[in-house]
Amino acid sequence: MKYIIACFMAFFVAGGVSAQNKSEVALNAKINRIVSKMTLEEKIEMLHGNALFSSGGVKRLGIPELTCDDGPLGVREEIKRFDWASANWTTDSATFLPNGSAIAATWNPIMANRYGVVIGEEANARKKNVMLAPAFNICRMPLCGRTYEYYSEDPYLNSQLVVQSVKGIQSQHVAACIKHFAANNQEFNRDSVNTIVDERVLREIYFPAFKAAIQQGNAYTIMSAYNKLNGYWCSENDFLLNKVLKNEWGFKGVVMSDWSGTHHTVAAANNGLDIEMGSSGPYDQWYFAEPLRNAVKEGRVPVKTIDDKVRRILWVMCHTSMSANHPNGSIATLEHAKTAYDIASESIVLLKNDNHLLPLKADTIKSIAVIGDNAIRTFALGGYGAGVKAKYEVTALAGIKSRFGKTAKISFARGYKTNYLASNTDEQNLGYDQPDQKLIDEAVALAKNSDVAILCIGSNREYESEGHDRKSLELPFGEQALVNAVTAVNANTVVVIMAGAPYDLNEIKKSNHAVVWSWFNGSEAGNALADVLKGGVNPSGRLPFTFPVSLKDSPAAALNTYPGKGGTAEYKEGILVGYRWYDTKKIEPEFPFGYGLSYTDFSISKLSTDKSSYKKSETIRAKFTIKNTGSRYGAEVVQLYISDPVCSVLRPEKELKGFEKIFLKPGETKTVEMQVNVADLAFYDELKKSWNAEAGEYILQLGNSSRNISKTVKVSVK
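Each chain carries its own residue numbering, running from 1 in the written order of its sequence. Reporting in this predicted model follows two pLDDT cut-offs: at least 70 for local features of residues, and 80 or more for side-chain atom pairs to be given and counted; totals over whole chains, interfaces and linings ignore these cut-offs and use all residues. The side-chain numbers reported here are obtained from all heavy atoms of the structure, hydrogens and water having been left aside.

Draft legend 1. Region of the structure containing the overall build of the protein chain. We count a stretch as a helix when DSSP gives it H or I for four or more residues in a row; a strand needs E for two or more, and each element gets its number in order from the N terminus. Along the protein chain, the regular secondary structure elements total 19 helices and 27 strands. Its C-alpha radius of gyration of 26 Å places the protein chain within 12% of the 27 Å reference for a compact globule of 718 residues. Projected onto the principal axes, the alpha-carbon positions of the protein chain cover approximately 80 × 65 × 55 Å. Three labels apply to residues, based on accessible area from a 1.4 Å probe with only protein chains included: buried if under 20% of the type maximum, exposed if over 50%, partly exposed otherwise in between. Split into buried and exposed, the 718 residues of the protein chain put 60% on the buried side. Two residues qualify as a contact provided that any one of their heavy atoms is within 4.5 Å of a heavy atom in the partner residue. Long-range pairs, those at least 24 residues apart, make up 77% of the contacts in the protein chain between residues at least 6 apart in sequence. Carbon and sulfur atoms make up 51% of the accessible area of the protein chain, which totals about 27300 Å². Both definitions apply: the radius of gyration is a C-alpha atom measure, and the globule rule equals 2.2 Å times residues to the power 0.38. The method behind every accessible area is Shrake-Rupley, applied with a 1.4 Å probe, and residues are considered shielded solely by the protein chains displayed.

Draft legend 2. Up close: the pattern of salt bridges. What makes a salt bridge here is a side-chain nitrogen of Lys or Arg within 4 Å of a carboxyl oxygen of Asp or Glu, nothing more. In this structure the tally under the stated criterion is 50 salt bridges. A salt bridge links Glu-199 to Lys-689, with the shortest nitrogen-to-oxygen separation between them at 2.6 Å. You can see Glu-199 sitting in helix H6 (residues 199-206) and its partner Lys-689 sitting in the loop between strand E24 (683-685) and strand E25 (690-692), a full 490 residues away along the chain. Residue Glu-199 is classed as buried on the basis of its relative accessible area, which comes to 13%.

Draft legend 3. Structural view of helix H12 (residues 334-347). What a helix should span is 1.5 Å times the count of its residues minus one. Given a rise of 1.5 Å per residue, 14 residues ought to cover 20 Å, and the 20 Å separating the end C-alpha atoms of H12 matches this to within 8%. Counting buried positions along H12 gives 11 out of 14 residues, so the element sits mostly inside the fold. By the burial criterion, the buried members of H12 are His-336, Ala-337, Thr-339, Ala-340, Tyr-341, Asp-342, Ile-343, Ala-344, Ser-345, Glu-346 and Ser-347. As for H12, its buried residues are in contact with helix H3 (100-106), helix H4 (109-125), strand E11 (349-353), helix H17 (525-534) and strand E22 (655-664).

Draft legend 4. Region of the structure containing the sheet that holds E22. Two strands form a pair only when DSSP identifies at least two bridges running between them. If you trace the 5 strands from one edge of the open sheet to the other, you get E19-E27-E26-E21-E22, paired in mixed fashion. Single-partner strands in this sheet number two, and they are strand E19 (613-614) and E22. Sheet topology note: the strand E26 (residues 696-705)/strand E27 (residues 708-717) ladder contains 9 bridges and is antiparallel. Within E27, the position partnered with Tyr-698 by the bridge is Val-715.

Draft legend 5. Seen up close, the environment of Met-141. Looking at the element boundaries, Met-141 is found in the loop between strand E4 (130-132) and helix H5 (155-170). Sequence separation between Met-141 and Val-394 is 253 residues, and the spatial gap between their C-alpha atoms is 31 Å. Among all residues touching Met-141, those that are not within four sequence positions of it are Thr-147, Asn-185, Leu-551, Ser-554, Ala-556, Ala-557 and Tyr-562.

Draft legend 6. Expanded view of the side chain of Arg-470. Relative to the helices and strands, Arg-470 resides in the loop between strand E14 (452-458) and helix H15 (479-489). One buried charged side chain, Arg-470, makes no salt bridge at all; its nearest oppositely charged neighbour is Glu-464, positioned 5.2 Å away. Polar side-chain contacts of Arg-470 include one of 3.0 Å to the backbone oxygen of Pro-502. What Arg-470 contacts, discounting residues up to four positions off in sequence, is Pro-142, Leu-143, Tyr-463, Glu-464, Ala-501, Pro-502 and Tyr-503. Positive charge is attributed to Lys and Arg, negative charge to Asp and Glu, and no charge count is given to His or to the chain ends. As used in this structure description, the phrase polar contact means that two N or O atoms lie within 3.5 Å; if the pair is within protein, one of them must be able to donate a hydrogen and the other to accept it, and residues adjacent in sequence are counted only when both atoms belong to side chains.

Here it is in structure tokens:
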């Protein structure tokens, strides 16, 4: 009987593979037939932009344009075909979704997938084939202007979230364009800096999330970065685009340049770029237009190279605009708003709650002073880069009024001015960091006569922006002076920081007992924040990057490798990025990677593995028990780190290899299993050009941040 079942299963699996292969063969045959009918001129038309956000099709053969749009925060408003001015549509208001580091702070791949589904559905409603999202470059330097847009400092956390984002977007027959490939970790001189990164560092830190997005998420498109990598522009980097991406990882889709990120014709064409976007001048004079046609005719670029690019574009189209049963899409729906709310509410991080002021006891609070420009500011737009014409955006003040306004008097004071624009020069922005004493005095008067003060400070989309990096970790706009003054007159002060990247919170950490970290948190940000403050939502966000005590503690600053010298930034810290650096070097952070508090308590016990010794082909199954020992429903993010204490090369103190967000009722206990492939314990051996999981002892460390390990167990690898 077992033999019959085994034969049946083998037949079933073989049949499934056969059907899949037949489908792939049929698709390739269809694409080859189309390519065989095309002239060289028609092929060339498909390889470069014909408007700001589209590249050419072939009308004669029924091949449509490939249309793109910005997308990390949601589908941007429609702009004119040939310039950046608004097209003034009345039907392009979209859902503003929480920023990338907010998604990472959920530590929940389900939220990443739901984000992707919304992006895909709204892209379809706007007839966009490719969404330029997700963006997930490693947060190497906390000052980077796009940290808010990216995910985290850890390649494993990035990988788990990115795969689900990609799957969500592409479930709607819309291509995800993962970006920016690779080692694009600063905005300062981003379009000229040459990043020098060892291959081991690339393989262990900067590549894993891209590889996962392609091999596990089947991402259809990828965007090359602006910078050079080891001496070659990323848009014409043979190692990146041909050797690794297309040959080694088996990428089937399209490599698209970042806008104005193409520099040469022949080098880019032969070294892996497929579509040139955003260059200047007449479209027929772009690198991949008339100059490319001439290069083919002169034999400098083979026709087969052009055909490969066209096949890749058609492959993407067959999965998107030319796919069967293509969804119609929807935009700014109630369901999308619910997703924005759920992501926002799971992303908020409780940093301090020493006196248990939070959650606020609404039945005893009669007056609340809401203070700070960020209480009334929206974050869907601002600065350079992608924004969203949000259908609506709930501010913090509006959210607090809706949740507390029936039982308490809500008053507002601005507290500080935000005299800073991303488009200004440093001279024009002079004085932005100075406190406004008149506004502080007004805030103090209000706070003094209120039961509770909620201080909404932090950053905004002008201060954190594509195109430039911050100058320091200090809170902007003289906010610290405001915090000090309000705290001095009202002991019941809650500090809420809204930002997308680390800041210096040393004084706030020392002097304030209730501190909450929010983000640029989407259309429902104010409601999600208010529900956390009131206790309707138990905060479960965890920090996706380390907050340093001082900028000089961060590796790139400590080693004087940022922003680089002579146009070159050498990544001297190697694999010691983020918590790997702080933990290995025994540098105490302000707040560690993975950190976050809850309104309830959890205990972790009984960590064990299914075996004590493993072969390199096997999987470690780690099991533990977690209990909600408090009085509220909540979630803990349990993190599994691995250490290799004796190794032939430098290894970090610990590396994240597993995590799970676990929701429990008060008193509830759950047994959880995490699996780690022994192969994933390997380091990249540059001499052998291969991964090496050395035999020996490894330590599994279980905790709720990189600095709070509660259980360990040792295993050996044979």
